[in-house]
Amino acid sequence: MKRSFLISLALLSLASALLYWTVPGKRTDIPVLYWITQDDENKRATVAAFHQWLADEHLPPVELRIDNTNGEATKKLVQGLSGVGSDIMDLYGYEADLFPATGMILDVTEDAKRLGFPPAATYPALKPDFIINGRQYGFPRNAGVALNWINRGTFAKYHVPEPPMHWTLDEFEALGKKFVAAANPPGIRERVYFVNLVPREQLRRGLGLANYNETDTRCTLDDPRNVQILERVRRWTLEDRLMPSREEGEAMSADISGDGSMFSHFTSGRFAMVYVGQWALIILRPRGTFQLRAVEPAMDGFVNTDLGGGSVGVYARTQHRKESVRFLQFLASAPFNNLIVRIADGLPPVPKYAETEEFLRPSDHPNEWGTAAAFAEAARDTGITMSKSPFVLHSIFYRVEKELTEAMISGRMTAAQTAKAMGDRLNQEIALRIDRDPALRKLYDERVRVQQLIDARRAAGKPVPAAWINDPFHLAYYRAKGWLEPEARP
Amino acid sequence: MSGLGHRGSPRRRLLSGIGFLLPNILGFAAFTLVPLVMSFGIAFTDWDTLRHNIFRNEPLRFVGFENFLWLFHHPDFMHYLANTFFLMLGLPFAIAGSLGAALMLTRVSHRPVARRGAFILATLLLTGSGLLLRMGGMSQVGVWFIFGVLAAISLVTGVVTGGSVYRTLFYLPNFTAGVATFVLWKKLYNPSGPINAALAPVLDRIAGWVRSAPGVFSWGLPLTCGVLATALMVWQLWRLRQHWGDASAGSVAVVTGLVMLALPVGLQLYWMGLPALTAVGGPLGVVLVGAVLILKRPRRWGPVCARDAGLSAEIALALGLVPLLSLLAAGVMWGARLPSLAAVGLAPPNWLGDYDWAKPAIMIMGLWAAIGSNNMILYLAGLSSIPPELYEAADMDGASPLQRFWHITWPQLAPVTFFIGVMGVIYGLQGGFEMARVMTKGGPAGATTTLSYFIYIEGFETGRLGYASAAAWVLFALVFILSLLNFRFGNRSAND
C-alpha cells in the first residue's frame with residue numbers, strides 16, 4: 001500500500017512538473033502577454049496587427065494571447081487583487097473607475113507622454129474613462145456612442161415615417177404609438193416593438209438632471225425630473241407598449257440563444273430600432289444588407305448621447321510592464337486605428353481616423369452610408385461619459401437603479417416613490433462609504449465645501465470655474481449654458 | 001492494509017496513519033477551517049477590497065458589531081431574508097414529493113398485481129389528463145406528443161422492467177448538472193415556451209367558462225376556499241383545545257399552533273395591500289383571544305405537562321397547514337377577481353419575469369428537483385428497512401392501504417423524515433445562489449435574491465468583505481438556531 005501511495009505521489013509530481021514546463025511562457029524565449037478580452041475574429045486580427053506593428057517598428061517581439069475566460073468584472077477584480085491578474089485588461093463602464101481605485105491598474109501617465117498616447121490623442125469627452133485624479137490608467141481601444149439604429153425596411157413595411165435625427169419625447173411617443181398600432185394588428189402572435197429600450201440616464205440629462213450633483217457628493221435621482229422620466233418609461237412600457245418590459249425582453253432573448261438576440265429581432269423586424277453603439281455593424285454585416293440609419297435618442301431639452309469607450313489598462317503586477325505598455329502605444333497607432341475603421345468596431349480611438357472616406361463611406365457597404373458620420377458627430381458634439389461618483393460603486397448604482405425601476409414597472413411602487421427610494425438608497429451608500437474610509441471622507445468634505453461654493457454662485461447667477469465640477473454631464477451642461485467662467489471655456 | 005496495523009511500533013503506526021490523513025487534513029484546514037476562522041474575524045472589521053488589498057494595503061479597522069447592526073438597517077436585507085424563507089415554504093411539498101416517488105418506486109405492496117395495476121392506473125391518468133387538456137383546447141398534436149408518448153413509455157417500461165427504469169429516470173435531476181437544469185427550466189418558463197404554449201389554450205377555455213358563469217367563480221370559488229379554510233382553522237382550534245385538555249400539548253405548543261394559523265392570513269392581508277400594522281395586528285389579536293380561550297380551560301384529565309410538550313407535532317403539522325391555508329387564502333383573494341381578469345382573457349403567467357410569479361416558479365422547479373433527489377433515495381432505503389411483518393400483521397387485521405401508510409409506513413419513516421427535514425432547512429437557508437445567478441440574476445426587482453446571493457453580491461461585486469462575512473455569520477446563526485430547534489423538538493417525534 002505504501003508503495004502504491006508513493007508511486008501515485010511520484011506520478012502526480014511528475015505530471016505537475018510536466019504541466020508547469022509546458023506553460024506557454026516557459027516554452028518560449030519571448031515574453032507572453034495575456035489580454036483579457038473577447039476571443040473573436042476582430043480581436044485575433046488585433047493580435048496579429050500588434051505582432052506586425054512590433055516587427056515594423058523594430059521593437060522586441062512579444063507573444064500576445066487572448067484570455068477570454070476571465071472577462072467577467074468580478075473575476076477580473078478577484079484575480080487582480082489576489083496578485084494573479086492578466087497583463088492587459090479591457091475595462092468597460094464602471095471597471096474603468098473601480099479597478100484603478102483598488103490600485104491594480106498601472107499608472108501610465110509618464111509612459112503615455114513618452115510613447116505618444118497621452119489623453120490629447122483621443123476624444124476629450126472620453127477622458128473620464130481613463131483619467132482619474134489627473135493620472136492616466138490606460139487608453140481607449142475604441143470610442144462608442146449609442147444611437148438609435150433604424151431598420152428602414154421595417155418602417156417601410158408598416159408605412160410609418162422614419163424618425164428625424166433630432167426629436168423630442170412627445171414626437172417619440174406619437175410616432176411610437178403610430179408604429180405599434182400599424183405593426184400589431186389584432187391577433188398578432190409575436191408583438192413588434194418600436195425600440196428595444198430608452199436610455200434613462202440620457203433622458204434625465206436632457207432635462208438637466210444627472211445621477212449626482214456637480215461634485216458627485218450627492219445622488220440627485222430624488223428630483224421631480226426623474227419622476228417625469230420614470231413615468232414616461234412606465235407608460236411607454238406598460239400602456240403604450242413601445243418597448244418590451246424586462247420580462248418580455250428576456251423572453252425574446254430566450255427565443256434566440258446567444259448575445260445576438262437583439263440583432264436578430266432587429267433584422268427580422270420585431271424591433272424597429274435598437275439603441276446601441278456603432279459596433280453593431282460587426283454583427284449586422286454578416287447577416288445581410290439592411291438599409292440602415294442612425295438617429296439620436298429622443299430627448300427634451302439638452303441633447304446628449306452616451307459616450308463610452310472600451311479602454312485598456314495594464315495590470316499593476318504584470319511581469320512584462322514595458323511590453324504591456326507597448327500595447328497601449330499600439331492602440332494610438334495608425335495600423336490599429338485603420339483596423340478599427342475596417343472592422344467597424346466603434347469609432348477609432350484617435351479622432352482623425354474617423355474623418356477618412358473609408359470610415360464615413362465604406363465602399364463595400366453603401367447601405368450604411370451616413371451612419372458613421374452620425375456616430376462621429378455624436379462623439380464629437382453630444383457624447384458624454386457616464387456619471388460616476390467616487391463615493392458609490394457604480395455597480396451598486398446600477399443595481400439599485402435597475403431594481404427600483406423594475407419594482408415600479410411591476411406596479412409595486414409609484415414613480416415618485418421610486419425616485420425617492422433611489423435617492424435615499426444611494427445617499428445612504430455614500431454616507432456608509434465615507435464613514436468607513438478616512439481618505440474618502442477627506443475628499444468628500446473638500447468636495448462638499450466646493451459644492452456649497454457652486455450652489456452659492458449659481459444662486460447669485462455667477463459663473464463657476466470648470467475645475468470645480470467633477471461630473472462630466474454637469475461640466476458639459478454648464479458649458480452649453482454659459483455658466484462656466486470665461487477662462488475655463490475651450 | 002490490514003497488515004499495516006500489526007507491523008511497527010505504535011509511534012510508527014501513528015505516523016503512517018497521520019501520513020494518510022494529512023492530505024485531507026491539510027485540504028480541510030486550508031480551504032475550510034482557516035477561511036472559516038478568518039471570515040469570523042473579518043465580520044468584525046471594515047475590510048473593503050477597494051482599500052484593503054495587496055496594492056493599497058491600508059490597515060484594517062476593528063468595528064465591533066457595526067457590520068451586524070448595519071445589516072439590519074440595510075433596506076434589502078430583510079427583503080432577501082423573507083425571500084429565503086418564502087422559498088423554503090416549498091419544503092413540505094418537496095418532502096411529500098420525494099416520499100410519493102419513493103412509495104411508487106418501492107415494492108411496498110407485495111402483490112405484483114397491485115403494482116401492475118398501479119402502472120395501468122398511471123397510464124390511464126396520463127391519458128385522461130391528455131383528453132382533459134384536449135377538451136380544454138390544447139392542440140391535438142401537443143396532446144399526442146406529450147401525453148401519448150408518456151403514456152406509452154409508462155406502460156411499456158413499467159411492465160417490461162418492473163420499475164427499474166423509473167428509478168433511474170426519477171433520479172435524473174440529481175445527477176444532472178445544476179446549471180444545465182436551470183438553463184433548461186429557463187427555456188421551459190419562457191413566456192412563449194412549452195409550458196405557456198400548453199397553458200394558453202386551456203386558460204382561454206377556462207376564461208370562456210368564467211365569462212359564461214361569472215357568479216359561480218366570483219363568489220363560488222372564494223366561498224369554497226373560505227369554507228375550507230375556516231373548517232381547517234376550526235379543526236386546528238378544536239384539536240389544540242383537546243390536546244390542551246388531555247395534557248398532550250403545553251402552552252408553547254398551543255401558542256405555536258395558533259401562530260401557524262394566523263401566519264398565512266396575515267401574509268395574505270399584507271399582500272392584499274392592507275397596512276402592515278393591520279395585517280399583523282388582526283391575526284395577532286385572534287391568536288391572543290384563541291390562546292386565552294384555550295389556555296384558561298381547566299385540564300380535567302392527565303397530569304400537568306411540560307410547556308413545550310407537543311411542540312414537535314405542531315411544527316410538523318404547520319409544515320403542511322401553512323402552505324395549504326396560504327393556497328386557500330389566495331383562492332379567497334383571487335376568486336373574486338377572476339371574472340374581471342377573464343373578461344380580458346386569462347394569460348399564462350410570466351414565470352420568471354413577473355414579480356409575483358418568480359418565487360413560485362422557482363419553488364415548482366425545486367419541487368421537481370426534490371422528487372428525484374437524494375431524499376427519494378433515503379426514503380427508498382427507509383422503506384426497505386421497514387419490517388415486512390408489520391405489513392403482514394396489518395393485512396391480517398384487514399387494514400386499508402391508507403391505514404397501512406398512516407400507522408406503519410409514516411411512523412417507521414419518522415427518523416428519515418426528520419433527517420430530510422433538518423437537511424432541507426439547512427440547504428434551504430443556504431441555497432438559491434446558482435439558481436439566482438443563472439436564471440434571474442436575483443430579479444425581477446430582487447424577488448429571487450436569497451441570502452446566499454446577497455452575500456456573493458456584497459462580497460465580490462461590492463467588495464465589502466466585512467459586511468458579507470457578517471451576513472454569512474447571521475445566516476449561520478439562523479441555520480444553527482433552526483437546526484437546534486429541529487433537534488430539540490423534531491428529534492423527539494422521530495424517536496417516539
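Note on numbering: residues in each chain are counted from 1, in written sequence order. The naming scheme follows written order: chains are lettered A onward, ligands numbered 1 onward. Reporting of local features is limited, given that this is a predicted model, to residues whose pLDDT is at least 70; pairs of side-chain atoms are given and counted only at 80 or more, and all residues count toward the totals for whole chains, interfaces and linings.

### Description of the overall build of chain A
The line we're drawing: Segments assigned H or I by DSSP are reported as helices when at least four residues long, segments assigned E as strands when at least two residues long, and all are numbered from the N terminus. C-alpha atoms define the radius of gyration, and 2.2 Å times the number of residues to the power 0.38 defines the globule rule. Once C-beta atoms are placed from the backbone, any two residues with those atoms within 7 Å are in contact.
Looking only at helices and strands, chain A features 21 helices and 13 strands. For chain A, whose C-alpha radius of gyration is 25 Å, the value lies close to the compact-globule estimate of 23 Å for 490 residues. Seen along its three principal axes, the alpha-carbon backbone of chain A occupies a region of about 75 × 60 × 55 Å. Taking as baseline every contact in chain A between residues at least 6 positions apart, the subset at least 24 positions apart corresponds to 73%.

### A few points about the overall build of chain B
Looking only at helices and strands, chain B features 22 helices and zero strands. Considering only intrachain contacts with a sequence separation of at least 6, the fraction spanning at least 24 residues in chain B is 77%.

### Examining the pairing of strand β1 (residues 32-36) of chain A
Two faces belong to every sheet, and in a regular strand the side chains alternate between them. Residues and elements named next belong to chain A. Rules: Buried, partly exposed and exposed are defined by the number of other C-beta atoms within 10 Å of a residue's own C-beta, namely 20 or more, between the two limits, and 12 or fewer respectively, with C-beta atoms placed from the backbone. Pairing between strands requires that DSSP locate at least two bridges from one strand to the other. Looking down the strands as they point away from the viewer, one classifies a crossover as right-handed if the path from the first strand across the helix to the second runs clockwise.
Within β1, four of the five residues are buried, leaving the element largely enclosed by the surrounding structure. Bridge count for β1 against strand β2 (residues 63-67) is five bridges, and the pairing is parallel. Bridge assignment links Y34 to a residue of β2, and that residue is R65. Once the chain exits β1 it traverses helix α3 (residues 41-56) before rejoining the sheet at β2, and the crossover so formed is right-handed. The pairing of β1 with strand β3 (residues 88-91) spans two bridges and is classified as parallel. Note that in β3 the partner of I36 across the bridge is M89.

### Some points on the sheet that holds β2(A)
Residue and element names in this part refer to chain A. Convention followed: Note on definitions: angles span 0 to 180 degrees between N-to-C directions of axes, and those axes are lines fitted to C-alpha atoms, for helices only across the stretch in contact.
The strand order across the open sheet built from five strands is β2-β1-β3-β12-β6, with neighbouring strands paired in mixed fashion. Two strands in the sheet have a free side with no partner beyond their single neighbour: β2 and β6 (139-140). Relative to the sheet, helix α14 (residues 321-331) contacts β1, β3, β6 and β12 (311-314), its axis offset from that of β12 by approximately 160°.

### Quick word on helix α21 (residues 472-481) of chain A
Residues and elements named next belong to chain A. Burial of α21 is extensive: seven of the 10 residues sit out of reach of the surface. Residues P472, F473, H474, L475, A476, Y477 and Y478 constitute the buried set of α21. For α21, the secondary structure elements touched by its buried residues are α9 (200-206) and β13 (383-384). The first or second residue beyond α21 is G482, which carries a positive phi of 75°.

### A look at unusual backbone geometry
Residues and elements named next belong to chain A. Positive phi values are uncommon outside glycine, yet H58 reaches one of about 55°. With respect to the helices and strands, the residue H58 is situated in the loop between α3 and β2. One non-glycine residue with positive phi stands out, namely N133, at about 50°. Secondary-structure assignment places N133 in the loop between β4 (131-132) and β5 (135-136). Overall, N133 belongs to the exposed group, with 9 C-beta atoms counted inside 10 Å.

### Some details on the interface of chain B and chain A
With 28 residues of chain B at the contact, the number on the chain A side is 27 residues. For the side of chain B that touches chain A, the secondary-structure elements that each account for two or more residues are α8 (178-188) and α21 (451-461) of chain B.

### Things to note about the nonpolar core
Basically, it comes down to this: In these notes, a nonpolar core means any group of buried Ala, Val, Leu, Ile, Met, Phe, Trp, Tyr and Cys residues linked to one another through C-beta atoms within 7 Å.
Ranked by size, the top nonpolar core spans 184 residues in total, and within it W149(A), V195(A) and F375(A) carry the most contacts. Not counting chain neighbours up to four residues away, the residues in contact with V195(A) comprise N148(A), L242(A), M243(A), F271(A), A272(A), M273(A) and Y275(A). Counting 21 residues, the second largest nonpolar core, distinct from the first, contains C225(B), A229(B), L328(B) and V332(B).

### Let's talk about the packing of helix α4 (residues 91-105) of chain B against helix α16 (residues 374-384) of chain B
Residue and element names in this part refer to chain B. For the record, the criterion: Roughly parallel means an angle under 35 degrees; roughly antiparallel means over 145; roughly perpendicular covers 65 to 115; every other angle is labelled oblique. Left-handed describes a crossing whose near helix is turned anticlockwise from the far helix through less than a right angle; right-handed describes the clockwise counterpart. Residues are grouped as follows: Ala, Val, Leu, Ile, Met, Phe, Trp, Tyr, Cys and Pro are nonpolar; Asp, Glu, Lys and Arg are charged; every other residue, Gly included, is polar.
Viewed as axis vectors pointing N to C, α4 and α16 meet at an angle of 50°, and their least axial separation amounts to 8 Å. On the basis of the axis angle, α4 is oblique to α16. As for how α4 packs across α16, the hand of that crossing is right-handed. Across from I95, S98, L99, A101, A102 and L105 in α4, the residues of α16 making contact are N375, M376, Y379, L380 and L383. A breakdown of the residues in the contact of α4 with α16 according to their chemical character gives nine nonpolar, two polar and no charged.

### A look at the environment of L89(B)
All names here are of chain B. The residue L89 is located in the loop between α3 (77-88) and α4 in this model. Given 18 C-beta atoms within a 10 Å radius, L89 is considered partly exposed. Through-space distance from the C-alpha of L89 to that of Y171 is 23 Å; in sequence the pair is 82 residues apart.

### Some points on the pairing of β12(A)
Residue and element names in this part refer to chain A. By the alternation rule, side chains of β12 split into S311 and G313 and V312 and V314, which are all buried. In this structure, β3 lies alongside β12, joined through four bridges in antiparallel fashion. The partner of D90 across the bridge, within β12, is V312. For β6 and β12, the ladder comprises two bridges, and the chain directions are antiparallel. Pairing of F139 across the sheet is with V312, part of β12.

### A look at the packing of α4(B) against helix α15 (residues 355-371) of chain B
All names here are of chain B. At a closest axis distance of 8 Å, the pairing of α4 and α15 adopts a crossing angle of 35°. Seen along the crossing, α4 lies across α15 with a hand that is right-handed. The residues of α15 that touch α4, namely those facing F93, A94, G97, S98 and A101, are G366, L367, A370 and I371.

### Description of the environment of K43(A)
All names here are of chain A. For K43, the location among the structural elements is in helix α3. The class for K43 is partly exposed, based on 19 C-beta atoms found within 10 Å. The sequence separation of K43 and I66 amounts to 23 residues, and the corresponding C-alpha distance is 8.0 Å. With residues up to four places along the chain from it excluded, the contact list for K43 reads T37, Q38 and I66.

### Observations regarding helix α17 (residues 371-381) of chain A
For α17(A), the full list of buried residues reads T371(A), A372(A), A374(A), F375(A), A376(A), A378(A) and A379(A). Among the structural elements, β7 (145-151), β10 (292-295), β11 (305-307), α16 (357-360) and β13 of chain A are those in contact with the buried residues of α17(A).

### Some thoughts on the domain arrangement of chain B
Residues and elements named next belong to chain B. Under the convention used in this document: These domain boundaries are the output of an automatic or database domain assignment.
Entries for chain B in the domain assignment read domain 1 (111-202) and domain 2 (203-346). Taken together, the six residues of domain 1 in the interface contact four residues of domain 2. The leading source of residues in the side of domain 1 that touches domain 2 is helix α9 (residues 194-212), at four residues. Per-class residue counts for the side of domain 1 that touches domain 2 are four nonpolar, two polar and no charged.

### What to know about the confidence of the model for chain B
Residue and element names in this part refer to chain B. This is how it is decided: pLDDT measures how confident the predictor is about each residue, on a scale from 0 to 100.
Looking at chain B, pLDDT values average 80 and 82% of them are 70 or higher. Confidence, read as mean pLDDT per element, is least for helix α6 (residues 140-161) in chain B (62) and greatest for helix α1 (residues 10-42) (91). Within the model, pLDDT remains below 50 along residues 1-5, and this stretch shows four contacts once partners closer than five positions in the same chain are excluded. With pTM at 0.79, the complex prediction returns an ipTM value of 0.81.

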